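Spelled out, the chains give:
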Amino acid sequence: MIAVTDATVRFGGTPVLDRVSLRVRDGRLTYLLGRNGAGKSTLLRTACGILRPTSGTVAIDGTDPRRLGRPAASIGVHLGADAAGSPTGPNPNHTGRRHLRWLSVAGGFDDARVTTVLRRVGLADAADRRVADYSLGMRQRLGIAAALLPDPPNLIFDEPVNGLDIDGIRWLRTLLRGLAADGRAVVIASHLFDEVTRTGDDIVVLERGRIVADRPVAEFVSGHDDLESAYLDLIRPTEPAGAGR
Ligand SMILES: Nc1ncnc2c1ncn2[C@@H]1O[C@H](COP(=O)(O)OP(=O)(O)OP(=O)(O)O)[C@@H](O)[C@H]1O
């Protein structure tokens, strides 16, 4: 389980997260929704220990991520194919396989997992090409492979669908559902409502650094035509003055 409790994060004086609490339960796929700049990536970086909250606490299966001996074994993180500061970002001159082997050696993981995850993300045939020659979708797959390498029980993905073609999107759906079905706690920041409806268990909505909804997808949509209208009904009252003119 991933637990963020009453976390405030400030950049300079401005709070980007304001007393935010998030629970990502084992066996559940939790989607984090919110407008651009709402604080989703900041919350995910806080949840995995990359960012230290100004106040509040974070626990991965009960332990502060900064106190985990082998954090990657407890929590897999993919912050996007081109995310700055990603803990698992590849050297573009390395092949996909070399990148994963390097992570495997550095983390003390079983080397056989490299072949397993390359297959699982559909990169087995491209494993010996340079990452610089990978497409965006292939870099997404490599980032997901890196997160899965030590087979962690908790996973954080920031907009993993970006750059995937239709086969990739369908593959990712199956992968995500499988990860949750195996009992993992999975949280995904996304703007793609169709994916949320198809695969999500729970929805958390962030609005200007605050949680404004946290409930199962079915409950969130109940009484509305679909997820989009449920979401718009929730956030419309707080739209900035002048929006939509
Ligand atoms: N390192 C940083 N220093 C200063 N401000 C930051 C930093 N990282 C994020 N911010 C600010 O925090 C706010 C929230 O950003 P964040 O990336 O968490 O939003 P988001 O919900 O993930 O947005 P998007 O949907 O566009 O990815 C934004 O105003 C952003 O400019």
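Everything in this summary refers to the structure shown in the same document. (Residues numbered from 1 in each chain as written. Predicted model: local features only at pLDDT ≥ 70, side-chain atom pairs only at ≥ 80, totals over all residues.)

Summing up its helical and strand segments, the chain has nine helices and nine strands in all. For 245 residues, the compact-globule estimate of 2.2 N^0.38 gives 18 Å, and the chain sits close to it at 18 Å. Its C-alpha atoms give the chain principal-axis dimensions of about 50 × 40 × 35 Å. When each of the 245 residues of the chain is scored for burial, the buried share is 42%. Long-range pairs, those at least 24 residues apart, make up 65% of the contacts in the chain with a sequence separation of at least 6. (Helix = DSSP H or I, 4+ residues; strand = E, 2+ residues; numbered from the N terminus. Rg over C-alpha atoms; globule rule 2.2 N^0.38 Å. Buried ≥ 20, exposed ≤ 12 C-beta atoms within 10 Å, placed from the backbone. Contact = placed C-beta atoms within 7 Å.)

Take the environment of L44 next. With respect to the helices, strands and loops of the structure, L44 is situated in helix α1 (residues 40–47). Judged by the 26 C-beta atoms lying within 10 Å of it, L44 is buried. Residues L44 and L33, spaced 11 residues apart in sequence, show a C-alpha to C-alpha distance of 12 Å. With near-sequence residues (within four places) excluded, L44 lies in contact with L79, I156, D158, V187 and A189.

In this section: the packing of helix α3 (residues 96–107) against helix α5 (residues 136–148). Relative to each other, α3 and α5 sit at 25 degrees, their axes nearing to 10 Å. In terms of their interaxial angle, α3 and α5 are classed as roughly parallel. In terms of crossing hand, the pair formed by α3 and α5 is right-handed. Contacts between α3 and α5 involve G96, H99, L100 and L103 from the first element and L142, A145 and A146 from the second. (Axes fitted to C-alpha atoms, helices over the stretch in contact; angles between N-to-C directions. Parallel < 35°, antiparallel > 145°, perpendicular 65-115°, else oblique. Left-handed = near helix turned anticlockwise from the far one by under 90°.)

Taken together, F11, V16, G34, N36, G37, A38, G39, K40, S41 and T42 make up the full set of residues adjacent to the ligand. With three residues, the single largest contributor to the shell around the ligand is α1. (Near = placed C-beta within 6 Å.)

To continue, consider the environment of T199. Counting through the fold element by element, T199 comes out in helix α7 (residues 193–199). Judged by the 20 C-beta atoms lying within 10 Å of it, T199 is buried. Taking the C-alpha atoms as reference points, T199 and V187, 12 residues apart in sequence, are found 12 Å from one another.

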